[in-house]
Amino acid sequence: GIPTPLAAVLLSDATNGLPLAVLDGVYITGVRTGATGGVAAKYLARKDSSVVGVVGTGMQGRMQVLALKNLFKLREVRAYDIDAGRLSAYVAEMEQRMSVPVKAAISPEAAVRGADIVITVTPSKTPYVMDGWIRDGMHVNAFGADAHGKQELDKATYRRAKLVTDNVEVALEKELFERKDIYGELGELATGAKRGRENPKELTIFDSTGLGIQDVAAASLAFEKAKKQGIGKWVKFI
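Residues numbered from 1 in each chain as written. Predicted model: local features only at pLDDT ≥ 70, side-chain atom pairs only at ≥ 80, totals over all residues. Heavy atoms only, no water.

1. A few points about the pattern of salt bridges
Tallying each qualifying case throughout the model produces 19 salt bridges. When the shortest N-O distance is used, the salt bridge between Arg-46 and Asp-116 registers 2.8 Å. Note that Arg-46 is positioned in the loop between helix H1 (25–44) and strand S3 (51–55) and Asp-116 in the loop between helix H4 (108–112) and strand S6 (117–120), a separation of 70 residues in sequence. Among the ionic pairs, Arg-78 bridges to Glu-76, the shortest N-O distance being 3.5 Å. Judged by its relative accessible area of 12%, Glu-76 falls in the buried class. (Salt bridge = Lys/Arg side-chain N within 4 Å of Asp/Glu carboxyl O. Helix = DSSP H or I, 4+ residues; strand = E, 2+ residues; numbered from the N terminus. Buried < 20%, exposed > 50% of the residue type's maximum accessible area, 1.4 Å probe, protein only.)

Laid out in structure tokens, this is it:
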């Protein structure tokens, strides 16, 4: 009954370091990670993307797809999980939340092949998305391999794609690809310093490790909303 990621966020005043709030980090990290995937897809996926393939039906299997719902006219979600019970629960829940057909795939390949956007969110230590399943024009949000020792995608796929990371130095620590394989960072796309997708045939990948600043941004927003709505328990720290 314990969440897979256990986290809490201590939000501090940037001017003097005083603590402002202690917040649940599980939900905040989940939302900000999903939002990051949405931003990546905004700049890297084809605008006409309508079919999403998901491998891994935990929190991020949900958050990533919900973010895409705000950006694309989706017509189908195909999901796979090694746990049949979790997959069944995901299909029932997400079909209601998404208002589009959500189908259970019999394998990772069945979820991935033919999709416009692929989301990988598992803790796998061996690649399970093969290069032969990935066609030109796809966009892949790879979120599961967030530390050294994890791997979801075939290394050959990284080499032939326009590869974007959230932070180059952190991404290279995973040893999944080389510096020359990386096109740029997501922040460069958002600020216009570099272009995102440039043609419909490009294969694009966003490889995410996660950054603390994303938690700060999400926690700050949650704190301000809580103050306005009078939510939470006020405690005198100092």
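Back to the write-up after that little detour.
2. Remarks on the nonpolar core
Membership of the largest hydrophobic core comes to 28 residues, with the highest contact counts inside it found for Val-52, Val-65 and Val-77. Within the residue set of this core, elements represented by two or more residues are H1, S3, helix H2 (59–69), strand S4 (76–80), helix H3 (84–98), S6 and helix H7 (186–191). Of all the elements, H3 adds the most residues to this core, at five residues. Leave out the neighbours within four places in its chain, and Val-65 touches Val-52, Val-54, Val-77, Tyr-90, Met-94, Met-98 and Ile-119. (Core = buried A, V, L, I, M, F, W, Y, C linked by side-chain atoms within 4.5 Å. Contact = heavy atoms within 4.5 Å.)

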